[in-house]
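Residue-level listing of the chains:
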Amino acid sequence: MNSISIIGAGIGGLTLGNILKQYNIDFTVYESAPEIKPVGSGIMMAINAMQVFDTLGLKEKIEKAGNKIHGISITDENLKLISKTNVLELEKKYNSCNVAIHRADLQRILAEKIGFENIKLNHSLKEIKKQENYLLQFENGNEVESKIIFGADGIHSKIRNQIFKTGEIRHTQQMCWRGLVDFDLPEKFYQEAIETWGKGKRFGFVRMTDRKIYWYAVINKGRHKRYHSLSENFQGFHPLIIEIIESTLEENIIFNDIIDLSPIPTWHTQNLCLIGDAAHATTPNLGQGACQAIEDSYIIGKLLGDNKDFNTIFKEFQQIRKKKVDHVVDTSWKLGKFSQWEKGTRLRNLMMRLVPESIHQKMVEKVIKLEI
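Nothing here was measured: the structure is a model prediction, and the numbers come from that model. (Residues numbered from 1 in each chain as written. Predicted model: local features only at pLDDT ≥ 70, side-chain atom pairs only at ≥ 80, totals over all residues. Heavy atoms only, no water.)

Colleague: Run through the sheet that holds strand β13 (residues 192–197), naming residues and quoting values.
Modeller: A sheet is described by the order of its strands in space; here seven strands give the open sequence β6-β5-β13-β14-β15-β12-β16, paired in mixed fashion. The open sheet terminates on both sides in strands that have one partner only, identified here as β6 (81–86) and β16 (253–261). With strand direction ignored, the average angle separating the axes of adjacent strands in the sheet is 20 degrees. The pairing of strand β5 (residues 71–75) with β13 spans five bridges and is classified as parallel. Within β13, the residue paired with Ser-73 across the bridge is Ile-194. In the packing of helix α7 (residues 239–246) onto the sheet, the strands contacted are β12 (169–182), β13, β14 (201–207) and β15 (212–220), and the crossing angle to β14 comes to about 75 degrees. Running over the sheet, helix α10 (residues 310–339) touches β12, β13, β14 and β16 and is turned about 75 degrees from β12. (Pairing = 2+ DSSP bridges. Helix = DSSP H or I, 4+ residues; strand = E, 2+ residues; numbered from the N terminus. Axes fitted to C-alpha atoms, helices over the stretch in contact; angles between N-to-C directions. Contact = heavy atoms within 4.5 Å.)

Put into structure tokens, the structure is as follows:
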């Protein structure tokens, strides 16, 4: 019998594994994929996540594998600045900075640190049953009994659906394409994340390594035209944006609808707790989805330092985290709608230009400051 099982080897599950290893607590991570391989796209690790990785001794390794980002700019279609959040002061205050990195590189770093012997691949959860302990039945035919369960299995969590029988998926009516491409960006964009706002569509890009660029394109469902290529939907945007899209191979583009999870009342029951997207999936507009899963793991670690009773920890964990993640989910949803206005975009851009940078700084700090 396992004492602790973590379902899902995403960034949240692997971070939690690293936290438990720090406390010399035995655990096993179960992952549905047959291997941890270079799939997925880019991701931004914000200052809050990097503070957690610092406590795990991984900050420098992650910085070396990615690219430090010192500013986040919102522009109009022609890359003319609307607003800029300069995070240099926050970097000094928290001794960490934003890092853009390939998701697969981050997962590899986290998996190597906990040891592949603690990760069981090709274990897609079929069913979880509550008996004296929990019985986990996997699609490959294996069965495992476990005392403590962490559900880190994402927005479509089987743990949440089967145990809590809750979780309404909310659809934004926005479509998202995410791409990776080798591209020579102008030097002024080397350490800056750019998001360009149009009418019912936006485009973002950031440099991850020397020439590797991560980009995303978001289009309201009613605005998307089924042209021969995605770039035709961005005619009228700066030529650099068209060039980035057209330089990207089809197989390096991932398509998803943008969705989130309507807040659920409770994340835990006896000897079981949800973390990350399984508990509080957010839209990607604040760049905080994985970062909040990392914070979940950090808070559980902090509570483990004072108490080894997991049910007490689960209760305190939700009490500490819920207010912040509800704020992130709500703010991200509203920002996603605001940034995708189809009418009144000149007014929207003017409103953004009038917001003082000090306000932007306060809004960012509210998200990146760790609770304890």
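Colleague: Could you give me a rundown of the pairing of β14, with the residues and numbers involved?
Modeller: Within β14, seven of the seven residues are buried, leaving the element largely enclosed by the surrounding structure. Where burial is concerned, the two faces of β14 agree: the one with Lys-201, Phe-203, Phe-205 and Arg-207 and the one with Arg-202, Gly-204 and Val-206 are both buried. Looking at chain direction, β13 and β14 are connected through four bridges and run antiparallel. When the sheet's bridge partners are listed, Ile-194 is paired in β14 with Phe-205. Taken together, β13 and the strand that follows it, β14, pair antiparallel across an intervening segment of three residues, in which Gly-200 is found at a positive phi of about 70 degrees. As paired elements, β14 and β15 share seven bridges and run antiparallel to each other. (Buried < 20%, exposed > 50% of the residue type's maximum accessible area, 1.4 Å probe, protein only.)

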